Amino acid sequence: MPQHTRHSLHACATAVPILKSSNAYGLQIAGNALVGKRFISLKSLFTPSPPNGAANGTVRSKKRPLLKADDLFHPLSKSPIKEMREKGRLIQMHGCCPTCVEETSAKGRAATREPMFECPDCGYPTHCSKDHWEEDKEHHSQMCGYLREANKDEHDLRSGRTLREFEFPSAQLPEVVVNFSDWDTFMYTRSFTNLNSDRSIRHVSKVLTYPITIGATLHQYSPFTLNNGLTPEGLKSMTALRATIKEHDLARSDKELVMQQMPLRIFVLGARAEAMLPPHLYLQLSYLLPNSPIHIFFVGPECIPTSEETRSTIIVSSRLALKYHKGYFHDAIWNFAPFDPFTDVFFLFSPGMSHPRSRDGWMPTIEKLLETKCAVFATGFHERDMGSDVEGLEKDFGNKMDWLLHPRKNPFASLKRDFGIRNLREWAIANWGIYGFRGKRYEVQNK
């Protein structure tokens, strides 16, 4: 059976990428197939909560910082950090010169050369020669600034400093309302007090884009409204889910009602990167819905807990459990049935449903999803990626589904760009856009 494709750039969201990752439902894209799967995991940045419970995780560094804040830019070939030098060599081995590519297209040349010339402005090996680098106006005007930013970001994460931006706030005070307009207002109203630079916010957004995208979609103060993408059918689905969340809020002071509560079940299909996040990061979702018992099901052929975990269920708190199921949803559906639109919701993070090599593999999963009549939300890592999936859904299932959320930019997308090893002009932003759909409900009409 063809396997689902998560484009590799998206999958890097759990880790600082040295190399690109494979798709959550199995398939590696061309560039990554050459260079394999290796990561510096962000899990190593976290330690258990301090005794006072003030934060969910604290980043410690026993060694003196290798790099200072004013010394983060280094050409990859001369970086003091081994992993960055290795990344530069991989780009030289498997990358291509964009100027050569353009000449190949224009003049019919048969081959391109490896990018052995290192751009002095961004530090990445970008072209085969200085002449081709100077000719490439697109690189200087569009790409170089982003690559320089990525260079400094990655050196900062490996600098050896204490990464205090990963000291996250704990439970929200009941009287404090969270604002979901964008990352800035969210982090301000959630008291992320250790974010003192744009770089810090980029670091944090890359790992929190998954739980906060889920939370912002389900919360009563969601940014997605009838005036901002939500359809009338979408309002019906969200009203059902929020009715359950409201019941949880009302039952918080009644022990008997608490015992009778049905948990909110969140299914993440094609899970890979999001399943490998440190479990305590999902407490940030639980804090947004503080009275709701939440079970998150990560489902996919490559769905495994983090490397240190061997359990299939991780109890993070009294109200949050993470469950891992290795396999395809359409094969395992009876392990989760029955489904209820009031308690169950699905998320597909950059699934690549319309990718030529994965489309057939996703078809049976989408069929089963539509049969549940539960809300389904999916993301894409840029406009073209999202548009391709939306077009494929319309073509294959247009008469069987209702749109819940029109495709649009996600205010809680990662603020970092990830770049391809084989082509530095290929970039991705985790959860750049979002859209929602559901199996069509047919109204009974009297004649």
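Starting from 1, residues in each chain are numbered consecutively following that chain's sequence as written. Thresholds applied to this predicted model are a pLDDT of at least 70 for local features of residues and 80 or more for the giving and counting of side-chain atom pairs; totals over whole chains, interfaces and linings are not thresholded and use all residues. Only hydrogens and water are set aside; all other atoms, that is, all heavy atoms of the structure, feed into the side-chain values.

## Observations concerning the packing of helix α13 (residues 359-372) against helix α14 (residues 383-397)
Right, on to step 1. Axis definition: a line fitted to C-alpha atoms, over the contacting stretch in the case of helices. Angles run 0 to 180 degrees between N-to-C directions. The helix and strand labels rest on DSSP assignments: H or I over at least four residues marks a helix, E over at least two residues marks a strand, and numbering proceeds from the N terminus. The contact between α13 and α14 brings their axes to 12 Å, and the two run at 65°. For the element pair α13 / α14, the angle class is roughly perpendicular. α13 and α14 meet at a crossing whose hand is right-handed. Side by side, α13 and α14 meet where Arg359, Met363, Ile366, Glu367 and Leu370 of the first sit next to Leu393, Asp396 and Phe397 of the second.
Right, on to step 2. Residues are grouped as follows: nonpolar covers Ala, Val, Leu, Ile, Met, Phe, Trp, Tyr, Cys and Pro; charged covers Asp, Glu, Lys and Arg; every other residue, Gly included, is treated as polar. Along the lines of polarity and charge, the residues of the contact of α13 with α14 split into five nonpolar, no polar and three charged. Roughly parallel covers angles under 35 degrees, roughly antiparallel covers those over 145, roughly perpendicular covers 65 to 115, and oblique covers all other angles. It is the rotation of the near helix from the far one that decides the hand of a crossing: anticlockwise by less than a right angle makes it left-handed, clockwise makes it right-handed. What makes two residues a contact is simply this: any of their non-hydrogen atoms within 4.5 Å.

## Quick notes on the packing of aromatic side chains
Right, on to step 1. Classification of ring pairs rests on two measures: the distance between centres of Phe, Tyr or Trp rings, Trp counted by its six-membered ring, which must be within 6.5 Å, and the angle between planes, read as stacked under 30 degrees, edge-to-face over 60 and tilted in between. One pass over the full model with this rule turns up 26 aromatic pairs.
Right, on to step 2. Between Trp403 and Tyr435 the ring centres are 6.2 Å apart and the planes differ by 65°, which places this aromatic pair in the edge-to-face class. Placement of Trp403 in strand β11 (residues 401-409) and of Tyr435 in strand β14 (residues 433-439) is noted, with a sequence separation of 32 residues between them.
Right, on to step 3. Burial classes: relative accessible area under 20% of the type maximum marks a residue as buried, over 50% as exposed, and values in between as partly exposed (1.4 Å probe, protein chains only). Trp403 gets classed as buried once you look at its relative accessible area, which sits at 17%.
Right, on to step 4. Here the aromatic residues Phe166, Phe168, Phe180, Trp183, Phe186, Phe192 and Phe412 are joined through ring pairs into a cluster of three or more.
Right, on to step 5. To sit over a ring, a charge needs its Lys NZ or Arg CZ within 6 Å of the ring centre and within 35 degrees of the ring normal. Of note, Arg148 hangs over the ring of Phe73, and the distance from its end group to the ring centre comes to 4.0 Å.

## Quick look at the pattern of salt bridges
Right, on to step 1. Here a salt bridge means any side-chain nitrogen of Lys or Arg lying within 4 Å of a carboxyl oxygen belonging to Asp or Glu. Scanning the model with the defined rule gives 20 salt bridges in all.
Right, on to step 2. Residue Arg158 pairs with Glu154 through a salt bridge whose shortest N-O separation is 3.4 Å.
Right, on to step 3. Given a relative accessible area of 12%, Arg158 falls into the buried group.
Right, on to step 4. One salt bridge in this structure joins Glu371 and Lys368, with 3.9 Å as the shortest N-O distance. Here the residue Glu371 and the residue Lys368 both occupy positions in helix α13, the gap between them amounting to three residues, near one helical turn.

## So, the nonpolar core
Right, on to step 1. The term nonpolar core refers to a set of buried residues drawn from Ala, Val, Leu, Ile, Met, Phe, Trp, Tyr and Cys, joined through side-chain atoms within 4.5 Å. If you look at the biggest cluster of nonpolar residues, it comprises 57 residues, and the most contacted ones within it are Phe186, Leu208, Leu218, Ile266, Ile296 and Phe298.
Right, on to step 2. For this core, the leading source of residues is helix α8 (residues 198-218), giving nine residues.
Right, on to step 3. Once you skip the residues sitting within four places of it in the chain, Leu208 turns out to touch Phe168, Trp183, Phe192, Thr213, Leu281 and Gln284.
Right, on to step 4. Judged by nonpolar contacts, the second largest core, of 30 residues, contains Ala332, Ile333, Trp362 and Trp403.

## Concerning unusual backbone geometry
Right, on to step 1. Cis geometry is found at the peptide bond from Ala337 to Pro338, where omega equals 0°.
Right, on to step 2. With respect to the helices and strands, the residue Pro338 is situated in the loop between α12 (329-332) and β9 (344-348).
Right, on to step 3. Its identity as a non-glycine residue notwithstanding, Ser350 has a phi of 45°, on the positive side.
Right, on to step 4. Mapping Ser350 onto the fold places it in the loop between β9 and α13.

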